[in-house]
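# Breakdown of the fold
The chain contents come next:
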There are 2 protein chains.
Amino acid sequence: MLESTVPKKNSSKDAYKKQLKILQNKLVELQQKVCQMNIPVIITFEGFSASGKGSLIGKLVYPLDPRTFTVYTMAKVYEDAQLRPFLCGFWTKTPAKGRIAIFDKSWYSIGQSGGLYNLSSREKANFYYDVNAFEKNLLDDGNLIIKFFLHISKEEQRERFKQLERNEETRWRVNEGDWEQNRNYEKKLKEYQQMIRKTDSNCEWTQINAKDKRSATITMYKTIIEKIEVEIKNRQSPAVPSPTELRSYKPTGFLKKINPNCEISSEKYEKELEYYQEKARKLCYKLYEKRRPVILVYEGWDAAGKGGNIKRLTERLDPRGYEVIPVAAPSKEELSHHYLWRFYNKFPKDGHIAIFDRSWYGRVMVERIEGFCTTGEWQRAYSEINDCESHLFHHGVIILKFWLQIDQDEQLKRFNARMENPLKQHKINDEDWRNREKWEQYEEAVEEMLTMTNTKIAPWVIVESNNKKYARIKVLKHVVETLENQLQ
Amino acid sequence: MLESTVPKKNSSKDAYKKQLKILQNKLVELQQKVCQMNIPVIITFEGFSASGKGSLIGKLVYPLDPRTFTVYTMAKVYEDAQLRPFLCGFWTKTPAKGRIAIFDKSWYSIGQSGGLYNLSSREKANFYYDVNAFEKNLLDDGNLIIKFFLHISKEEQRERFKQLERNEETRWRVNEGDWEQNRNYEKKLKEYQQMIRKTDSNCEWTQINAKDKRSATITMYKTIIEKIEVEIKNRQSPAVPSPTELRSYKPTGFLKKINPNCEISSEKYEKELEYYQEKARKLCYKLYEKRRPVILVYEGWDAAGKGGNIKRLTERLDPRGYEVIPVAAPSKEELSHHYLWRFYNKFPKDGHIAIFDRSWYGRVMVERIEGFCTTGEWQRAYSEINDCESHLFHHGVIILKFWLQIDQDEQLKRFNARMENPLKQHKINDEDWRNREKWEQYEEAVEEMLTMTNTKIAPWVIVESNNKKYARIKVLKHVVETLENQLQ
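In this text the structure is predicted, and so the values were computed from the model without any measurement. (Residues numbered from 1 in each chain as written. Chains lettered and ligands numbered in written order. Predicted model: local features only at pLDDT ≥ 70, side-chain atom pairs only at ≥ 80, totals over all residues. Heavy atoms only, no water.)

Further remarks concern the overall build of chain A. Looking only at helices and strands, chain A has 21 helices and 10 strands in total. Its C-alpha atoms put chain A at 90 × 50 × 40 Å along the principal axes. Looking at chain A as a whole, 55% of its 488 residues are labelled buried. Long-range contacts, defined as pairs at least 24 residues apart, comprise 81% of the intrachain contacts of chain A with a sequence gap of at least 6. (Helix = DSSP H or I, 4+ residues; strand = E, 2+ residues; numbered from the N terminus. Buried < 20%, exposed > 50% of the residue type's maximum accessible area, 1.4 Å probe, protein only. Contact = heavy atoms within 4.5 Å.)

In structure tokens:
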């Protein structure tokens, strides 16, 4: 539905200015509240060429404190998104709590024809799935998202193009693509309507008739004010537990039943190590040639041997082709965003490998057990993570996740060995011992995690790791076979 | 001087392997020390095409823990450096304390012909100045920098190109530029020799004869081991005060003598505000058209009116063309780098404006007064900052710095007003009152700062700010006039 135009056509300029001033003052007041209440706000502008997105954004920010918002154009997004899943460029620009991010064209402009790629119907379905999941994730995390779509008619657009072209200073703003849009206006309109329909349920669109600039401006201000007011009101009323918080996973104890004692002879180890390392080395060049990105996730008990395992995997790889990303506790800045935010900056470029030494799965393990997030938050995280990995998969990322499994006795042996070796003492601290005491709790969390996020596109591989050599070969072999399979 | 080749030509493969193993073990041991002692290490590889940089880097990282180093190729650097001063891409990749950054080609490859631009002799001089300052800054901050240059003869290069071309899998690695380098080998050699001469004094080069790969590998390991050992030894001996720590600036009291009471009538204010805002708006489009970047720095006493001043400056600008960057206390990650590190990520792209609400000048004010850095560190900062701004200037950045001056009475009035206004109470806290008590100390620091960093290319403008309206017009007018001047 198009919003009705607000001021009467014959209202005087002064009346308009007066109304504007009132709305602007209100917005400034709300902006301060948004800041104090730590609400992250996202405002996006989509619409036909020459519908006036730029000047509307100018109007929007005019009364705002320039230290509290950032405006992003597509050029800025592309810079960070080159050769990566397209949402990376947007995820990394989602606002910190209390800040406002304004997008002059958004993720929708990438999915539309004339955007990054012409999409097949499969790709289109993936696109809508990913975009809806993206917005849902942000909404669940407390973001306020306001989406505008600016309409002008075919005739109005033609008139505006002509006017821009008549003026020497603005001529450059009209290009062949714009005229093509005008010629195919009806087709484009249908596309836009489909887009709006498919992405209106989580997070509704506000459509603005942009023919009259004053009325468009008033509608924009009123919409933003109303949405912020609703958001503030919602936060002040007591929270109702979400349905997900009522769900409970029944542990089956399957992890306990896995025997982590698998053996390999030293001879066989040396032979297979060389064999698979050499294969992996060659496959990485092929990966680069075919521009396929790879993500490997290492999770496991403390002292399960992640470091040494990663070392053997990468030892002979071209160091320009991979990066190992150690994941520690989040920084203050990272904490003021959605927990997935910090990982979107680290996902690999096409043709490269990113190896995560611990990862986003911290959300459903340490953050869950230690109470760093709410029950609702970690329960929601399973589907958030699945959506995230599914977006990576849609872009062509090969994802493999390894759980390094040892038993409690083995861990104790390794902890003690670390305590006794002066070169390794730095690898063990009080926290490790405290975590060890919570073995049962962690076991339950790990089981649930492995179950809930074991997808076809990003499967978990349980690696029996009491014997480090066996574990290294198992991972190497698995990586080699998967890459061979995928690169055929 | 070329390092003498180490193992005798007739040494057996086994002897080489044995020696290699010893060196690798030593390196691993030292890497752990580097980590424990928080030493940031930079290792760069330059040299002729096909001299074997890539395979040498492979050898280097082979024994290392992959979680402690990152390898950067030029492609990764360019990604972050597009349309920015060329050192931005490298500054942002300098390692955190205890980590190792390895560069496959470095800042030297940008300055060389065939790099980003063909340099005039003036540009060349700027380039060497900037690179030497960059390395000096990092050395002073405790970075260990190891620079390798790999030599091969003209004949050897030709042979290697041919060999690469014979093999179908490696053919793509030789391009026309490579053959051109070979044809102009003598000229290129001269250029490289000049480069090495001009950048050898702060931070010496290790030149390696790369004909024999084994000997090159051994030399590389030995050099790195030796340099790390020296660095560790130096850190263990007591520090001698550097000459800069003995220098002392004599305050002249000029700041106290400035009368911050300058008046403007409300009528004149309204008129000039609109006039200069409109001019600024237009100039920003011209800036974009001419691809000139601008940096504006706001510093001043607490409650001097920075926020409101920035607001009036940006109010009518196209929000896609500028960004306001509020600078707060550094994060833990930022603290583990050179203090300028965090700013290199924020410098504007060509054609854009970055407005810093507080800045790198915190080093010589709050960090100095509160003892967050050593005397040597803040004293050194003046020339570091001048070098940084000079690098920006060499790239074409227009830099303006504003000091907003109010007197103690005015500050008290504003603090009290903030305390009384519920909407503004969040703008004042205990720290502000504490800082106020240190007015004299700050005054001395500010004076010294304004004196030591008031350069022709990045001048300070003192803005009398007891009257906010006067201050706003003064800044706006200054920005407009400077841009008009620069964009002629």
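Below, the discussion takes up the sheet that holds strand β6 (residues 294-300) of chain B. Residue and element names in this part refer to chain B. With respect to topology, five strands assemble into an open sheet ordered β7-β8-β6-β9-β10, the strand pairing being parallel. Sheet topology places β7 (322-326) and β10 (460-464) at the edges, where each strand pairs with a single neighbour. Averaged over all pairs of adjacent strands, the angle between strand axes in this sheet comes to 20°, irrespective of strand direction. Both β6 and strand β8 (residues 353-357) contribute to a ladder of five bridges, which runs parallel. Along β8, the bridge assignment pairs Val297 with Phe356. (Pairing = 2+ DSSP bridges. Axes fitted to C-alpha atoms, helices over the stretch in contact; angles between N-to-C directions.)

With that settled, consider the relation of the copies chain B and chain A. For the match of chain B to chain A, the screw axis carries a shift of 0.0 Å, the RMSD comes to 0.0 Å, and the turn is 180°. Put plainly, the chains are arranged around a two-fold axis. Interface overlap between copies: 100% of the residues of chain B at the interface are likewise at the interface in chain A, consistent with a symmetric, same-surface contact. (Least-squares fit on C-alpha atoms with pLDDT ≥ 70 in both.)

Residues and elements named next belong to chain B. Here helix α6 (residues 121-140) crosses helix α9 (residues 185-198) at 45°, and the two axes come no closer than 10 Å. Relative to α9, the element α6 is oriented oblique. Crossing handedness for the pair α6 and α9: right-handed. On α9, the residues touching Lys124, Tyr128 and Asn132 of α6 are Gln194, Met195 and Lys198. For the contact of α6 with α9, the class distribution of residues is two nonpolar, two polar and two charged. (Parallel < 35°, antiparallel > 145°, perpendicular 65-115°, else oblique. Left-handed = near helix turned anticlockwise from the far one by under 90°. Nonpolar A, V, L, I, M, F, W, Y, C, P; charged D, E, K, R; others polar.)

In this section: a positive patch on the surface. A contiguous patch of positive charge, built from Lys13(A), Lys17(A), Arg214(A) and Arg316(B), is present on the exposed surface. Position of Arg316(B) among the secondary structure elements: in the loop between α14 (306-314) and β7. (Patch = residues over 30% accessible without salt bridge, like charges linked within 9 Å, V, L, I, M, F, W, Y side chains within 5 Å. Areas by Shrake-Rupley, 256 points an atom, 1.4 Å probe, with all protein chains shown as cover. Salt bridge = Lys/Arg side-chain N within 4 Å of Asp/Glu carboxyl O. Lys, Arg positive; Asp, Glu negative; His and termini not counted. Charge placed at Lys NZ, Arg CZ, Asp CG, Glu CD.)

The subject of this paragraph is the sheet that holds strand β5 (residues 205-209) of chain A. Residue and element names in this part refer to chain A. Taken in spatial order, the five strands of this open sheet run β2-β3-β1-β4-β5, and their pairing is parallel. Strand pairing shows two members of the sheet lacking a second neighbour, β2 (69-73) and β5, which therefore form its edges. Neighbour-to-neighbour, the strand axes of this sheet turn through a mean angle of 20°, independent of strand direction. Pairing analysis gives seven bridges linking strand β1 (residues 41-47) to strand β4 (residues 144-151), with the strands arranged parallel. Along β4, the bridge assignment pairs Gly47 with Leu150.

So, about the interface of chain B and chain A. Quoted interface sizes are often the accessible area lost when the parts come together. Between chain B and chain A, the residue contacts involve 38 residues of the former and 38 residues of the latter. Overall, the association of chain B and chain A removes approximately 3400 Å² of surface from exposure, summing both partners, and the carbon and sulfur fraction of that is 54%. Of the charged contacts in the structure, one is a salt bridge between Arg320(A) and Asp104(B), with a shortest N-O distance of 2.8 Å. Remark: the boundary between chain B and chain A carries eight residue pairs in polar contact (both at pLDDT 80 or more). Of all elements in the fold, only α1 (13-36), α2 (53-61), β2 (69-73), α3 (74-81), α14 and β7 of chain B reach the threshold of two or more residues within the side of chain B that touches chain A. (Buried area = accessible area lost by both parts, 1.4 Å probe. Polar contact = N/O pair within 3.5 Å; in protein donor to acceptor, adjacent residues only side chain to side chain.)

Residue and element names in this part refer to chain A. Non-glycine residue Ala50 carries a positive phi angle of around 65°. With respect to the element layout, Ala50 can be found in the loop between β1 and α2 (53-61). On the accessibility criterion, Ala50 (26% relative accessible area) is partly exposed.

Residues and elements named next belong to chain A. Under the defined criterion, the tally for this structure stands at 64 aromatic pairs over all chains. Judged by centre distance (5.2 Å) and plane angle (70°), the ring pair of Phe161 and Trp179 falls under edge-to-face. Remark: Trp179 occurs in helix α8 (residues 176-183) and Phe161 occurs in helix α7 (residues 154-166); sequence separation between them is 18 residues. We classify Phe161 as buried; its relative accessible area is 1%. Its end group placed over the ring of Tyr288, Arg291 keeps NZ or CZ at 4.7 Å from the ring centre. Seen from the ring of Trp378, Arg368 lies directly overhead, with NZ or CZ sitting 3.9 Å from the centre. (Phe/Tyr/Trp six-rings, centres within 6.5 Å; stacked < 30°, edge-to-face > 60°. Lys NZ or Arg CZ within 6 Å of the ring centre and 35° of its normal.)

What follows deals with helix α19 (residues 430-437) of chain A. Residues and elements named next belong to chain A. For α19, every residue scored as buried is listed here: Asp432, Asn435 and Arg436. Buried residues of α19 fall within an arc of 105° about the axis and therefore sit on the same side. What points out from α19, more than 90 degrees from its buried face, is the exposed set Asp430 and Glu437. The inward-facing, buried residues of α19 contact α18 (408-420) and α20 (439-452). By the N-cap criterion, in which a side-chain oxygen at the helix start approaches the backbone nitrogen of a residue two or three places on, α19 is capped by Asn429, the distance to Glu431 being 3.0 Å. (Arc of directions from axis to C-beta.)

What follows deals with the side chain of Lys147(B). Residues and elements named next belong to chain B. Here Lys147 lies in strand β4 (residues 144-151). According to the relative accessible area criterion, Lys147 is buried, its value standing at 0%. At 3.0 Å, the side chain of Lys147 and the side chain of Glu135 are in polar contact. There is a polar contact of 2.8 Å between the side chain of Lys147 and the backbone oxygen of Thr199. The contacts of Lys147, once residues within four sequence positions are left out, are Thr44, Tyr108, Glu135, Thr199, Cys203, Glu204, Trp205 and Thr206.

All names here are of chain A. Counting buried positions over the five residues of strand β8 (residues 353-357) gives five, a clear majority of the element. Side chains Ile353, Ile355 and Asp357 project from β8 onto one buried face, and the interleaved Ala354 and Phe356 project onto a second face that is buried too. As defined by bridge partners, strand β7 (residues 322-326) adjoins β8 across five bridges and the pair is classed as parallel. Paired with Ile325 across the two strands is Phe356, which belongs to β8.

Here we come to the confidence of the model for chain A. Detailed reading of the predicted coordinates is not advisable wherever pLDDT falls low. Here chain A averages 90 in pLDDT, while 93% of its residues score no lower than 70. Of the regions scoring below 50 in pLDDT, residues 112-117 of chain A engages in 16 contacts with residues more than four places distant in sequence or in other chains. (pLDDT = per-residue confidence, 0-100.)

The subject of this paragraph is the environment of Ile57(A). Relative to the assigned elements, Ile57(A) resides in helix α2. In sequence terms Ile57(A) and Val71(A) are 14 residues apart; their C-alpha atoms lie 8.5 Å from each other. Excluding anything up to four places from it in sequence, Ile57(A) contacts Phe45(A), Val71(A), Ile102(A), Phe103(A), Asp104(A) and Pro319(B).

Attention shifts here to the packing of α1(B) against helix α10 (residues 213-236) of chain B. The description of two helices packed together rests on the angle between their axes and the distance between the axes. All names here are of chain B. The geometry of α1 relative to α10 is characterised by a closest axis approach of 10 Å and an angle of 30° between their N-to-C directions. One finds that α1 runs roughly parallel with respect to α10. Crossing of α1 against α10: the hand is left-handed. Across the interface between the two elements, Lys13, Tyr16, Gln19, Leu20, Leu23, Gln24, Lys26, Leu27, Leu30, Lys33 and Val34 of α1 pack against Arg214, Thr217, Ile218, Tyr221, Lys222, Ile224, Ile225, Ile228, Glu229 and Ile232 of α10.

Time to look at the pairing of strand β9 (residues 398-405) of chain A. Residues and elements named next belong to chain A. Within β9, eight of the eight residues are buried, which leaves it mostly tucked inside the rest of the structure. Side chains of β9 alternate between two faces, with Ile398, Leu400, Phe402 and Leu404 and Ile399, Lys401, Trp403 and Gln405 buried alike. Here seven bridges tie strand β6 (residues 294-300) to β9, and the two strands are oriented parallel to one another. If you follow Val294 over to β9, its bridge partner there is Ile398. Where β9 meets strand β10 (residues 460-464), five bridges bridge the pair, whose relative direction is parallel. Its bridge partner lying in β10, Phe402 is registered against Val461.

The next point concerns helix α21 (residues 468-486) of chain A. Residue and element names in this part refer to chain A. Its 19 residues place the ends of α21 27 Å apart at the C-alpha level, agreeing with the 27 Å of an ideal helix rising 1.5 Å per residue. Along α21, the residues classified as buried are Ala471, Arg472, Ile473, Val475, Leu476, Val479, Val480, Thr482 and Leu483. Taking the backbone nitrogen of Lys469 as reference, a side-chain oxygen 2.8 Å away marks Asn467 as the first, capping residue of α21. (Expected span 1.5 Å × (residues − 1).)

Quick look at the pattern of salt bridges now. Residues and elements named next belong to chain A. Within the structure shown, the criterion is met by 60 salt bridges over all chains. Between Arg67 and Asp65 there is a salt bridge, with its nearest N and O atoms 3.4 Å apart. For the salt bridge of Arg363 with Glu367, the shortest nitrogen-to-oxygen distance reads 2.9 Å. Arg363 gets classed as buried once you look at its relative accessible area, which sits at 7%.

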